[in-house]
Structure formats: structure tokens, C-alpha cells
Amino acid sequence: MLEHHLNIYFLVLCLLCFISSYILTRIFITKMINYKYGIDLHKREKTKVPEMGGIVPVSLSALVIFIFNPLISSVLFISGLIGVYDDLYKLSPYKKLILLGLIGIPIGYLLFGFDIFKIILLILGISISSNLTNMLAGFNGLEIGLGIISAFFLGIILLLNGDYYGFEITMIFLASYFGFFMLNKYPAKVFPGDVGTLPIGAFLATIAVWRNIIPEFVIIMMPYIIDASLKYYSAGITKREDHKPTILGEDGKLHVVGGYLSLPRIILKKKPMKEYNIAFILWSISIFFGVLAVLFNTVVK
């Protein structure tokens, strides 16, 4: 059964998604560098870095996943469009919550019919999760790396449950984002923008509700939940742009002086470190919760 579903054609498709994402992102960088770019605040050399690069993995994964399931593809496409608008015109946090949540109404009805409970779960899941994956950010490769890790463990859980259909869709998403990650990791040559980060949570939440692995998904999302809780406790609901960035010290390490609380800032307050080190620690925390989710699934099932 496993060999039948995870055949060579599917593996080749994932490899093509990875390669295509990497190549298209490189092309995107050359086209976008003088149009929409940001300055990497955690580098001494204040070089221009193209933004909104997430258009590539979102568009690519939505296109390929359309072959498997047009509804899941639509979640990626619509949340990506909201991300594009947010990158260009800056939506308020409340408008983002509402707009992203609205995606769950038609998609929920088409997936679950008149199951109101599932539809409400999907609305809340897409709205909250997409904002969570957009908030835990600010370091090269962090957001995309966390998204890849989260998708990987969600995929492993689906595979262990014998859900090859859900697993394949999740792996296509992962492969597309991994190709982009190769150019987003430290030192970043491109930033994802909200178009790249919002669809991560929207996609993962949709998969979790659709394939009935919600408790496992919540465990996987714990790093995001902890980070958001700290931010809300210390600063309320604010735009990410309003948060004070960490400071690059003369020692090449990132330091935190005052300001709001967050998961990375608490770590950096205890021990200043270089940008790639804090990203690695946060990825490690994500892996820890991913393993917990797999163990939970194994025990419960």
C-alpha cells in the first residue's frame, strides 16, 4: 500500500516543485530587487533584499495542488492574495483576522457541507493560524523554516495514519517552500513577505481540520502560540512593523533592550547570539513540539 502511493512519480513531482521553486525565486530576485525591497536590519552591510518572494512557493504549490484538490489550492491562492494586498497597502491586524477567516466560509461549506462545527473550526483555524505564522518572524529563514518543519510533522502524522492523500498534498507544499528556503536562509537573498507567511498557517489549519488531526496540529503550533501570547500580554494586538527590532551589537550578536516580549526576545535577553543561532534554536523548539505531536498521535491512535 505504501509503495503504491509513495511511488517514483510522486517523488519526482516533489523534486520538480523544489527545483522549480528555487529557479523561479532566483528569477524573481533579479526582477524585484529595485521594485519592492527591504533592508536587512541584522546585518552591518545594509543591502537591499527583495521582498514578497513568497509569491513563488505559494503560486507554485497552489498550481500543483490544484491537480489533487482545487479547494485546498484555493486556500493557498486566496490567502496569498490577501498577503499581497497586506504587503503593498498594510492591513490592520483586525482586518487581516477577518479577511482570512472569511476564506473558511465557502471552503468549509464545500469541504464539509452543513457541518457548522467543522466550518467554524476552519474559519477560526485559518484566521488565527495564518496570523500566527506571520508573527513569529524577523530573522533570516525563520518563518519559512518553521513552516517547513510544521508541514513536515503534519505530513508524518498523516502518513502514520495511513492518509496518503493528505500526506502527498502536504509534501508538495513543503517541497515548494523548501526550494524558496534555500534562498531565504541566512544570509537571506530574498524575504517572503506576508504573501509567503500568511498562507503557511492557512494551509496547515485547513489540512488539520479537513483530515481530522486538530489536537496534533495545536501541539505543532505551540511555538507560535507561546510567541503570540507573550506579544499580546506585553504589547496587545499591534502590527508587526510597530515592534522594535533587536539590536546588532559590536560583537555581531543580537541584543534586546526593553520593548515587548516574544519567544525569540526572551531567549536573546538571556543570551545574546548571532542571527542564525537564534533561528536554529527556534527551529529546534519547533522540532521538539513536532515530535510531541507525533508521539501524541501514536499514543491516541
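Structure: above.
The rules we used
- Residues numbered from 1 in each chain as written.
- Predicted model: local features only at pLDDT ≥ 70, side-chain atom pairs only at ≥ 80, totals over all residues.
- Heavy atoms only, no water.
- Helix = DSSP H or I, 4+ residues; strand = E, 2+ residues; numbered from the N terminus.
- Rg over C-alpha atoms; globule rule 2.2 N^0.38 Å.
- Buried < 20%, exposed > 50% of the residue type's maximum accessible area, 1.4 Å probe, protein only.
- Lys, Arg positive; Asp, Glu negative; His and termini not counted.
- Charge placed at Lys NZ, Arg CZ, Asp CG, Glu CD.
- Axes fitted to C-alpha atoms, helices over the stretch in contact; angles between N-to-C directions.
- Parallel < 35°, antiparallel > 145°, perpendicular 65-115°, else oblique.
- Left-handed = near helix turned anticlockwise from the far one by under 90°.
- Contact = heavy atoms within 4.5 Å.
- Nonpolar A, V, L, I, M, F, W, Y, C, P; charged D, E, K, R; others polar.
- Salt bridge = Lys/Arg side-chain N within 4 Å of Asp/Glu carboxyl O.
- Disulfide = S-S within 2.5 Å.

A. Geometry of the overall build of the protein chain. When helices and strands are tallied, the protein chain shows 14 helices and four strands. In summary, the protein chain has a C-alpha radius of gyration of 18 Å against a globular reference of 19 Å for 301 residues, a match within 12%. Dimensions of the protein chain, computed from C-alpha atoms along their principal axes, come out at roughly 55 × 40 × 35 Å. Relative to its 301 residues, the protein chain shows a buried fraction of 53%. The centroid of the 25 positive side-chain charges in the protein chain is displaced by 6 Å from the centroid of its 18 negative side-chain charges.

B. Seen up close, the packing of helix 4 (residues 70-89) against helix 10 (residues 194-210). Helix 10 packs onto helix 4 with a crossing angle of 150° between their chain directions and a minimal axis gap of 8 Å. Relative to helix 10, helix 4 is oriented roughly antiparallel. Our pair here, helix 4 against helix 10, has a crossing hand that is right-handed. Taken together, the residues of helix 10 that come into contact with helix 4 (itself represented by Ile 72, Val 75, Leu 76, Ser 79, Gly 80, Ile 82, Gly 83, Val 84, Asp 86 and Asp 87) are Asp 194, Val 195, Leu 198, Pro 199, Ala 202, Phe 203, Thr 206, Ile 207 and Trp 210. Taken together, the residues of the contact of helix 4 with helix 10 break down into 12 nonpolar, four polar and three charged.

C. Focus on the pattern of salt bridges. Applying the stated criterion across every chain, the model contains seven salt bridges. Linking Lys 43 and Asp 40 is a salt bridge whose minimum nitrogen-to-oxygen distance equals 2.9 Å. Classification of Lys 43 as buried rests on a relative accessible area of 11%. When its relative accessible area of 5% is taken as the criterion, Asp 40 is described as buried. With a closest N to O distance of 3.8 Å, Lys 96 and Asp 194 form a salt bridge. A residue pair is termed long-range when its members are at least 10 positions apart, and Lys 96 in helix 5 (residues 93-102) and Asp 194 in helix 10 qualify at 98 residues. For Lys 96, a relative accessible area of 10% puts it in the buried group. Overall, the relative accessible area of 2% leaves Asp 194 in the buried class. Overlapping salt bridges, with partners in common, bring together Asp 40, Lys 43 and Glu 275 in one network.

D. Representation of the side chain of Ser 21 in the model. For Ser 21, the position within the fold is in helix 2 (residues 8-32). Given a relative accessible area of 0%, Ser 21 falls into the buried group.

E. Summary view of the state of the cysteines. Per the counting criterion, the structure on display carries zero disulfides. Cysteine Cys 17 is unpaired, with the sulfur of Cys 14 as its nearest cysteine sulfur at 6.3 Å. The exposure class of Cys 17 is buried, given its relative accessible area of 3%.

F. Spotlight on unusual backbone geometry. Between Tyr 186 and the following residue, Pro 187, the backbone shows a cis peptide bond with an omega angle of -10°. Along the chain, Pro 187 falls in the loop between helix 9 (164-184) and helix 10. Look at Met 52: it is not a glycine, yet its phi comes out positive at around 65°. For Met 52, the position within the fold is in the loop between strand 2 (48-50) and helix 3 (55-68). Positive phi outside glycine occurs at Asn 212, with the angle close to 60°. Accessibility expressed as a relative area gives 45% for Asn 212, which makes it partly exposed.

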